[in-house]
Amino acid sequence: LAHGSGGKAMQDLIDDIFVDTFDNPILSQLEDQASFNIASLMEHGDKLALTTDSYVVDPLFFPGSDIGELAINGTVNDLAVSGAKPLYLTCSVILEEGFSVETLRRVATSMKSAAKKAGVQIVTGDTKVVHRGAADKLFINTTGIGIIRPDVCISANNIQPGDAVIINGELGNHGAAILIARGELALETDIESDCQPLHDLVKTILDICPEVRAMRDATRGGLATVVNEFALSSNVGIRLKEECIPVCEEVKGVCEILGLDPLYLANEGKLVVVVGSKNAETVLAAMHSHPFGKNARIIGEVISSPTGVVLLKTSFGSDRILDMLVGEQLPRIC
Amino acid sequence: MPIEEIRICGTVQGVGFRPTVYRLAKACELKGNICNDGEGVLIQASGSKTSIEKFIHRLYAECPPLAKIDRLKRTPYQGKFDYDDFVISDSITTKVKTEIAPDAATCPQCQKEVFDPLSRYYRYPFTNCTNCGPRLSIIRAIPYDRDNTSMAAFSMCPQCKQEYNDVTNRRFHAQPVACYTCGPQVWLERADGKPITAAMFSMVDDIDAVCSLLQKGEIVAIKGLSGFHIACDATNEAVVQKLRDRKRRVRKPFALMARDIKIIEKYCILNPKERELLESPAAPIVLLGIREWGLGNGNREISSQEKFPAIAKSVAPGQNTLGFMLPYTPLHHLILRRMERPIVLTSGNISDEPQCIDNNEAKTKLNKIADYFIFHNRDILNRVDDSVVRVVNDNSKGNTQSKRLLTLRRARGYAPAPLNLPPGFKKVAPILGMGGELKNTFCLLQNGRAVLSQYLGDLENAATFQAYQEALHLYLNLFEHHPKIIAIDKHPEYLSSKLGKELANANQIKLENIQHHHAHIAACMAENNIPLNTSPILGIALDGLGYGEDETIWGGEFLLVDYRQFTRLATFKPIAMIGGEKAIYQPWRNTYAHLISDFNWQELEQKYSNLEIINFLESKPLFLLNQLQQKQINSPLASSVGRLFDAVAAAIGICPEECSYEGQAAIEMEALINNKNLENCEKNQTYPFQIKNLDKIYYMDPHPMWKALLNDLQFHVGQQIIATKFHLSLANAITRIVDLLRQKYPIDRVALTGGVFQNKTLLQQTTRYLSSLGIKILTHSLIPPNDSNLSLGQIVIAAARNVKEKS
Ligand SMILES: [Fe+3]
Ligand SMILES: [Mg+2]
Ligand SMILES: [Zn+2]
Ligand SMILES: [Zn+2]
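Values in this document were obtained by computation on a predicted structure and should not be read as measured data.

Q: Sorry, what's going on with the coordination of the zinc ion (ligand 4) here?
A: Each pair of donors in an ideal four-coordinate tetrahedral metal site encloses 109.5 degrees, whereas pairs in an ideal six-coordinate octahedral site enclose 90 or 180 degrees. All names here are of chain B. Only C157 (SG), C160 (SG), C179 (SG) and C182 (SG) from the protein reach the zinc ion (ligand 4) as donors, at distances of 2.2 to 2.3 Å. The coordination sphere of the zinc ion (ligand 4) comprises four donor atoms, whose angles at the metal cover 104 to 115°; the geometry is tetrahedral. For the zinc ion (ligand 4), all donor residues lie on one chain, and their spacing in sequence is C-x2-C-x18-C-x2-C. Taken as a pair, C160 in helix 4 (residues 158-165) and C179 in the loop between helix 4 and strand 6 (186-190) lie far apart in primary sequence, 19 residues in all. For the residue pair C160 and C179, the accessibility class agrees, reading buried in each case.

Q: Looking at this structure, I do not really get the packing of aromatic side chains. What am I missing?
A: Aromatic ring pairs: the centre-centre distance and the angle between the two ring planes describe each pair. In total, this model carries 19 aromatic pairs over all chains according to the counting rule given. Aromatic ring contacts, followed pair by pair, group F442(B), F465(B), Y468(B), Y475(B) and F479(B) into a single cluster. It is R106(A) that lies over the ring of F61(A); its NZ or CZ is 3.7 Å from the centre. In this structure, R171(B) is placed above the aromatic ring of Y121(B), and the distance from its NZ or CZ to the ring centre is 3.9 Å.

Q: Where do I start with helix 9 (residues 249-258) of chain A in this structure?
A: Because an α-helix packs 3.6 residues into every turn, residues spaced three or four apart end up facing the same way. All of the buried residues along helix 9 of chain A are V251(A), V254(A), C255(A), I257(A) and L258(A). Residues of helix 9 of chain A that are buried sit in contact with helix 6 (173-183) of chain A together with helix 15 (587-598) and helix 18 (622-630) of chain B. Looking one or two residues beyond helix 9 of chain A, the residue adopting positive phi is G259(A), at roughly 75°.

Q: Explanation requested: the domain arrangement of chain A in the structure shown.
A: The figure often quoted for interface size is the accessible area lost as the parts come together. Residue and element names in this part refer to chain A. Along its sequence, chain A is organised into domain 1 (7-148) and domain 2 (164-321). Taken residue by residue, the interface counts 20 residues in domain 1 and 21 residues in domain 2. Summing both sides of the interface, domain 1 and domain 2 together bury roughly 1,600 Å²; the carbon and sulfur share of this comes to 66%. Among the residues domain 1 hides against domain 2, the three largest losses belong to P63, N77 and V81. Together they make up 33% of the total. Run the count over domain 1 and domain 2 and you get zero salt bridges. For the interface between domain 1 and domain 2, the tally reads five residue pairs in polar contact (both at pLDDT 80 or more).

Q: How should the packing of helix 13 (residues 516-527) of chain B against helix 25 (residues 790-802) of chain B be read in this particular structure?
A: Any two packed helices are characterised by the angle at which their axes cross and by the distance between the axes. Residues and elements named next belong to chain B. Closest axis-to-axis distance for the helix 13/helix 25 pair is 7 Å, and the angle between their directions is 90°. As summarised for this structure, helix 13 and helix 25 are arranged roughly perpendicular, according to the angle between their axes. When helix 13 is examined against helix 25, the residues H516, H518, A519, H520, A522, A523 and A526 are found in contact with a partner set consisting of L790, L792, G793, Q794, V796, I797 and R801. Split into classes, the residues belonging to the contact of helix 13 with helix 25 amount to eight nonpolar, five polar and one charged.

The rules behind these values
- Residues numbered from 1 in each chain as written.
- Chains lettered and ligands numbered in written order.
- Predicted model: local features only at pLDDT ≥ 70, side-chain atom pairs only at ≥ 80, totals over all residues.
- Heavy atoms only, no water.
- Donors = N, O, S within 2.8 Å, 3.2 Å for Na, K, Ca; no water.
- Tetrahedral: all angles 85-135°; square planar, octahedral: opposite > 155°, others 65-115°.
- Helix = DSSP H or I, 4+ residues; strand = E, 2+ residues; numbered from the N terminus.
- Buried < 20%, exposed > 50% of the residue type's maximum accessible area, 1.4 Å probe, protein only.
- Phe/Tyr/Trp six-rings, centres within 6.5 Å; stacked < 30°, edge-to-face > 60°.
- Lys NZ or Arg CZ within 6 Å of the ring centre and 35° of its normal.
- Contact = heavy atoms within 4.5 Å.
- Domains from an automatic or database assignment.
- Buried area = accessible area lost by both parts, 1.4 Å probe.
- Salt bridge = Lys/Arg side-chain N within 4 Å of Asp/Glu carboxyl O.
- Polar contact = N/O pair within 3.5 Å; in protein donor to acceptor, adjacent residues only side chain to side chain.
- Axes fitted to C-alpha atoms, helices over the stretch in contact; angles between N-to-C directions.
- Parallel < 35°, antiparallel > 145°, perpendicular 65-115°, else oblique.
- Nonpolar A, V, L, I, M, F, W, Y, C, P; charged D, E, K, R; others polar.

Right, dumping it as structure tokens:
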């Protein structure tokens, strides 16, 4: 692709790749904006959820997923954890001059199938090609709209002492997969990104327990960062039990040798759910019934003090402070 | 008759100072009075010139054990004076800043009473007087009155009250005074909750029963002065091992307590300084050299006429020292009365947590570790660990007989005694230093003095971090400290730095970021009374890791410093910590990183294919580690001498796989050294380091050292010799670089600091070599060289940066 190929060439490109690939009635109108019927939106609820995220992952293709699927699922998940049914996505693409059309088509195809799985439509988009070096290969921004169910009130501020903290499966796979793919480490592993849409799992949870207190997907910064945000927002403490936190053996092994902590590694298909203790088992059972929640575990509890802090109960029986990191993982110990 | 006003500053309140003055004034036939006030004590005395002189002289000579006279100023008094006797007046109500004294070991008089069947204190485990007993551990608020201590729960019986009010009594105004009738009590419980029947022991009392239990091989949790301990017979291998298993403490040495010095001497060689420390009111754990047969293979026949059992091997695996302390409360004295053998007395905690101080807490946390508990009902309000010290040769004075205290952990018995700061720090606003992350302390600067908290531990542990905040809160109240500046370490992830930032933000207090090694060096300067406006000093700060000025990790620094700033003149070659923090726990990672930094690994493998360490490393996923390092994934560069020690230790086979406690590799390597080897190796060639130039600063390249070391290994040179040679080589290399630097910079004084200088051999050798260059050496003594000193360094640097120029 050449820079500055505006007008007709760009139109052709969009037609060729995105419109054809995504193929839905709103997009194919090729207006400068998508328009929806409000009444039909309101059938789902009376609150609109809007979120946006940019995807700059390197490499573009990695074990288990690629940037296209990630761009869909990431935004779908951000909508889903608010209790929203994700409906429409926008897709804005920045390409580095010289990017292969073939690869772009692969990404678009991947986005299409991800969107289908997630039950969303890509309704408007934009493509820019920039000078070589002005961007790294391909950046994608997606913005999503969803409608929040009327029966839920999910917020990081709602958490109360005694609540249970639940995770839907093993942690760190995405971060480890990316690291291995990017670092070209001579590491033969079967670790794949956990990239998956969570809207249906969220629906399963909310159908059985609409009074979920808080829910967030554990993406960048990993589980440790999400639970720290919870503890700060709700002014409570959270105690996780190390032995209950699921991490697959391979990820454990990689972390051991690389010296990384899986609790800080990124995930793309994991959500942390906080529910009142009386609902914990019900929610857990519901999650187990869903393919994306079959390894769900209760990993900790909310405590009244110390506030704003996450503790990790180690196998030695003492509590370690699991802090939010200011920067990268940097050795602290003297 | 002349009348004088005598002003005394120092530790003079709550330590029996006024009664002493009273007694001496009477003896010298002086008239007048004494009172406490905000600055210390104030005496007005009238008498003949000679009797006043005699009084002053005796006051210094007979100063009570816990008191310390810092300044004594005499001026002629002209005001109103109408005393026809000598009296103790009430404290002047202008804010009395009662000093909070450290806890002190039972004094000889109280000991005597405790074992005197005719004394009313006979076998009373809480006997104390103004010369001894609890202080910091039982205080809740100021002023230091009984009501503000955990003794408030006990009201004095008439007899105690009478002693308390009697000026001539040793217990005059001793706040924790108590006896059987009115004071706290002790009782024994079984960890399994079953009752204890008197018939189980035909012993004097519950305390005496503890001795029998220990002798029988039971593990007993003992509530002590300032925390719970866990005790067992130190000569019973099975029970010591059982304690290790239960505590999940693999190799870290246990502290020991023995009834008296005679028992200690069976196992360790003591010099007079060590004896003095053991018997001092602080009663710290003193690291003592093991007699060759003290830890022999249970081999008792050698040279000993008296029969005594060897210390269990698992008490201190891989060590050449034992950490001993003497009983420091009547409870300990009573427990050990019949005990001819040393006992293990380790802190009562689970893994990295602080010691338990509360009965219920101890019951829940320690009941899987101890079989029995001895409880008491005097609450411990402040947790204070046992202090740890060792004695080193003070080679800087050119006299090897001169001995010097080196504090490794400053806590019970030492904290919170304030340190007088050097000239220039008098008129500085109050400053709070938050300390580091490991071995944390915090420090308050106030009125030209530094109040350094007791050792608080590693903050990453949640309970320790909680304890840190509680102690901080307490000190701020006790010392009525309102900081105008908060000083923190530059490391963005230190919990102390984060908390300092929060406090500064919340209270709109100025924040000062202090570089880690600058703080180490400034602490050493402050301890050595270097004035604020000093000319630059060369500081050598060697440690594990500290956050560097350039956002990389430092740990082998030669900095030209004053209290305000520093210039980095030299360092050690930065080597990757492959796998980041993992390299701290797995010494082999450092060996590998060092070896591949300058060698071709394939060549090494071929040339040294029969070396154990090479084979060991080959079993690791080296290809992967190479890539981590090359692609700079979680492999920060560190100029750390701590890591160099790890690398060398692992290379010669000392815990290459994993350290089970901080510094284990370096500590066990040092333990291999003995005097004979030292002397022998000094004559022979040591390992060379190369001094190179990098970006205008020098750095020490260990490459040639590694070459020589690998050759030694190849020639089957023993572990001990290599360890010795390495220490000597390092001291040598440090000296050479200093010699080089002083040709460019005016260097006449060198400060040695950082955790690496806990190493006695390195400290002594470096001091000796440097002194021979005619350089004055500043080392630590009362303040540990490790990260416990950061908070002190932080406050003096922050002070210097904020004081009005050259006042
Ligand atoms: Fe340090
Ligand atoms: Mg997002
Ligand atoms: Zn006494
Ligand atoms: Zn009494």
